[in-house]
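Chains, contacts and geometry: an overview
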Amino acid sequence: MQTVRKAQVNRCVVRVPGDKSISHRAALLGSLACGKTTIQDYSPGQDCETTLRCVEALGARVERLGGTVVVHGTGELKEPGDVLNCGNSGTTMRLLSGILAGQAFLSVLTGDASLRSRPMRRIAEPLRLMGAHVDGRDGGERAPLVIRGGRLKGLECYHMPVASAQVKSCALLAGLFASGTTTIVEPAPSRDHTERMLPLFGAATCVENGHVSVAGGQTLHGTAVDVPGDVSSAAFWLVLGSMLPQFEVTVLGIGLNPSRTGVLDVLRRMGCRLDVHQTRLDPEPLADVRVTGDRLSGVEISPRDVPSLQDELPVLAVAAAMAEGVTVVTGASELRHKESDRISVTVENLRAMGASVEERPDGFIIEGTGRLRGASIRTRGDHRIAMAFAIAGLVADGETVLDDVECIDISYPGFMDVVNRISSGGDVLHG
Ligand code: S3P
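Residues numbered from 1 in each chain as written. Predicted model: local features only at pLDDT ≥ 70, side-chain atom pairs only at ≥ 80, totals over all residues. Heavy atoms only, no water.

1. Focus: the pattern of salt bridges
For clarity, the cut-off: The rule for a salt bridge is simple: a side-chain nitrogen of Lys or Arg has to be within 4 Å of a carboxyl oxygen of Asp or Glu. Secondary structure elements follow DSSP: runs of H or I no shorter than four residues count as helices, runs of E no shorter than two count as strands, and numbering proceeds from the N terminus. The cut-offs for exposure are 20% and 50% of the maximum accessible area for each residue type, with area from a 1.4 Å probe on protein chains only; residues under the lower value are buried, those over the upper are exposed, and the others partly exposed.
Summed over the entire model, instances satisfying the criterion amount to 31 salt bridges. Taking the shortest distance from any N to any O, the salt bridge between arginine 260 and aspartate 230 comes out at 3.0 Å. One end of the pair, arginine 260, is in the loop between β17 (248-255) and α10 (262-269); the other, aspartate 230, is in the loop between β16 (224-226) and α9 (231-243), and 30 residues separate them in sequence. Residue class for arginine 260 comes out buried when judged on its relative accessible area of 2%. For glutamate 359, the salt bridge goes to arginine 336, with nearest N and O atoms at 3.1 Å. Of this pair, glutamate 359 sits in strand β22 (residues 356-360) while arginine 336 sits in the loop between β21 (324-329) and α12 (342-352); the two residues are 23 residues apart in sequence, bridging distant segments of the chain. Overall, the relative accessible area of 32% leaves glutamate 359 in the partly exposed class. Residue arginine 336 is classed as partly exposed on the basis of its relative accessible area of 24%. Three or more residues joined by partner-sharing salt bridges are found here, namely Arg118, Arg191, Asp311, Glu339, Arg342, Asp382 and Arg384.

And the structure:
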């Protein structure tokens, strides 16, 4: 349980942990590569530690040297002696399944109650089409998953049913172990970290008109990966900065991959001023971003916006409640399949804080009134819900009590220390 009170500072400079999506991929590809992969600013969150434990169970040696992780791959994985526990991490389970589908051994993957309730047929289907044996509870829909892999055949043109980077990456990773080429067609662009990272390890990919291809049988070589700050973590501070007039927040070293920057576009559309100072372009763009608070207005977030900001929607909903006017979010039904049902949990908590919100099957409508009041928040063990409502607590009148903030360690250990400093008027420089 944790109490949050209104912000007592009007300026902060924050550095966020390494990107979770990029860290997972670097560890997984490192485990497949021959030689040493050095990953700088590896995400310190529990989800990425889960991935490291899984690759260790598959035979890779991992060194944890503060913020740097070194993965020693042998170019070959071994059959794990036990069930692989993916904890709370959908990315670990779905991406690893693609890799395991290409290995000539048996793997069983499980996770916590939240992960075991999430849909898995979306990855089982393409893997089965490639020739792997994949099964799970509920007719293959839910973990634990059992995978007997082996030599796969490439997928000529697989049309993904949802715009999901996890599904795309799962199929591409399996494609590395397939005969011929595997081509995935996306209904809408999802984050492209896998496509950007494979060439760093020496594997060619081809991206054209929503088609992503990888050839099977390529050898991966260890490399160096410099992980940018996680834009999904930065979003909490940017939204905080946007909501309070006279407030200024700077977040240093954020990864601004264009497939992830929907939150910046929406904040701009809501009337917020953002100054972006780009410091690197390849292989992942990096920038310092400063936001200056102002009065926000309601905004329309349409289905085409969603893939680039889906993890940020709970905190954007907080901004919408603090804005003037109506915000409409549509095409976001995937939020119901995240670590919690993020549509209903966001709606429930915003209503507890006095916001006027209508729940829709694929989103919500928020009538912004420019204010929230402190309330008791149920985080449902979902890290992004806990962080979104800690931010709400920093702008609300009165006290906000969050029932569980431990889940925040899934992606952002140290987040509540920064919140507490902002709440108590302490200095926040590089927090
Ligand atoms: C992720 C993809 C997204 C995102 C998740 C991380 C990834 O999920 O919500 O937090 O690293 O590929 P989907 O692929 O299910 O859209």
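Read on for the rest.
2. Section: the sheet that holds strand β11 (residues 158-159)
Sheet strands line up and pair through hydrogen bonds in the backbone, either parallel or antiparallel. Counted only if it meets this: Pairing between two strands is assigned when DSSP locates at least 2 bridges connecting them.
The strand order β11-β13-β15-β14 describes an open sheet built from four strands, whose pairing is mixed. The outermost strands of the open sheet, each flanked by one partner alone, are β11 and β14 (205-208). For β14 and strand β15 (residues 211-215), the ladder comprises four bridges, and the chain directions are antiparallel. Its bridge partner lying in β15, glutamate 208 is registered against histidine 211.

3. Points about the domain arrangement of the protein
Applicable threshold: The domain limits used here are those given by an automatic or database domain assignment. Polar contact is defined as a pair of N or O atoms within 3.5 Å, subject to the rule that within protein one atom must be able to donate a hydrogen and the other to accept it, and that residues adjacent in sequence are counted only when both atoms are side-chain atoms. For this scheme, ten residues count as nonpolar: Ala, Val, Leu, Ile, Met, Phe, Trp, Tyr, Cys and Pro. Four count as charged, namely Asp, Glu, Lys and Arg, and the remainder, Gly too, count as polar.
The domains assigned to the protein are domain 1 (2-18 + 228-424) and domain 2 (20-226). Taking only C-alpha atoms, the centre of domain 1 and the centre of domain 2 are 29 Å apart. Our count for the contact surface shared by domain 1 and domain 2 stands at four salt bridges. Linking glutamate 334 and arginine 122 is a salt bridge whose minimum nitrogen-to-oxygen distance equals 2.9 Å. Across the domain 1-domain 2 interface, the total number found is 16 residue pairs in polar contact (both at pLDDT 80 or more). Grouping the amino acids of the side of domain 1 that touches domain 2 by side-chain chemistry returns eight nonpolar, six polar and ten charged.

4. With respect to the side chain of arginine 260
Rules: In this description, contact between two residues means that some pair of their heavy atoms is separated by no more than 4.5 Å.
Side chain to side chain, arginine 260 and aspartate 19 meet in a polar contact 3.0 Å long. If near-sequence neighbours (up to four positions away) are discounted, arginine 260 is found in contact with Asp19, Ser21, Arg191, His193, Asp230, Val231, Ser232, Ser308 and Glu312.

5. Points about the sheet that holds strand β25 (residues 400-402)
Selection rule: Interaxial angle, 0 to 180 degrees, is taken between N-to-C directions of lines fitted to C-alpha atoms, where a helix line uses only the stretch in contact.
An order of β1-β25-β24 is seen for the three strands of this open sheet, with the pairing classed as mixed. The strands lining the two open edges of the sheet, one partner per strand, are β1 (2-4) and β24 (376-377). One ladder, built from two bridges, connects β24 with β25; its direction is parallel. Within β25, the residue paired with isoleucine 377 across the bridge is leucine 402. Running at roughly 165 degrees to β25, helix α13 (residues 383-395) makes contact with β1, β24 and β25 of the sheet.

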